[in-house]
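If you want the building blocks of each chain, they are given just below.
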Amino acid sequence: MQITQCLHTAILVSNLEDAEQFYGNILGLSKVERSLKYAGVWYQIGDVQLHLIVDTTLSTHRQNPERWGRNPHVAFSVASLDDAKTKLLANNCPIQMSASGRAALFTQDPDGNIVELSQV
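Computed from a predicted model, the values in this text were never measured in an experiment.

Novice: Talk me through the packing of aromatic side chains; I want residue IDs and the actual numbers.
Specialist: Inspection of every chain in the model, using the stated rule, returns one aromatic pair. Relative to Tyr23, the ring of Phe22 has its centre 4.9 Å away and its plane inclined at 85°; by these criteria the two rings are edge-to-face. Note on Tyr23: relative accessible area 0%, which makes it buried. Sitting over the face of the ring of Tyr38, Arg34 holds its NZ or CZ atom 4.8 Å from the ring centroid.

Novice: Tell me about the pattern of salt bridges, and please be specific about residues and values.
Specialist: Under the defined criterion, the tally for this structure stands at two salt bridges. We note a salt bridge from Glu20 to Lys31, for which the minimum N-O separation is 2.6 Å. With Glu20 in helix α1 (residues 16–26) and Lys31 in strand β2 (residues 30–32), this residue pair connects regions lying eleven residues apart in the sequence. Overall, Glu20 belongs to the partly exposed group, its relative accessible area being 22%.

Calculation rules
- Residues numbered from 1 in each chain as written.
- Predicted model: local features only at pLDDT ≥ 70, side-chain atom pairs only at ≥ 80, totals over all residues.
- Heavy atoms only, no water.
- Phe/Tyr/Trp six-rings, centres within 6.5 Å; stacked < 30°, edge-to-face > 60°.
- Buried < 20%, exposed > 50% of the residue type's maximum accessible area, 1.4 Å probe, protein only.
- Lys NZ or Arg CZ within 6 Å of the ring centre and 35° of its normal.
- Salt bridge = Lys/Arg side-chain N within 4 Å of Asp/Glu carboxyl O.
- Helix = DSSP H or I, 4+ residues; strand = E, 2+ residues; numbered from the N terminus.

Right, here's the structure in full:
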């Protein structure tokens with residue numbers, strides 16, 4: 001087997017409106033059309049898609065509540081970590097700087113899913 005690229009990752013969310021506010025408006029991701037009938041939304045990020053799938057019974061469990069980056073998360077590259085941090089804080093999003101000292105931070109969507117933003 002030879003895997004040639006990543007197509008998408010899926011994240012469960014409990015409230016689509018809140019999730020769209022975070023991923024579409026705060027993170028600025030571009031929504032793409034989808035033809036599936038279950039509740040959700042897709043975003044395009046370069047050659048990869050992020051699929052948000054609604055699960056109203058969602059319960060977020062964090063193995064390591066102290067260090068967000070040591071839990072399941074999705075990571076995105078940003079042009080400016082300072083700009084990302086400013087926008088997240090202006091929208092009352094929680095942040096935790098990377099403990100490694102690299103140019104990265106972690107935030108959480110409204111359901112507590114962890115998102116890493118790195119300046120590479």
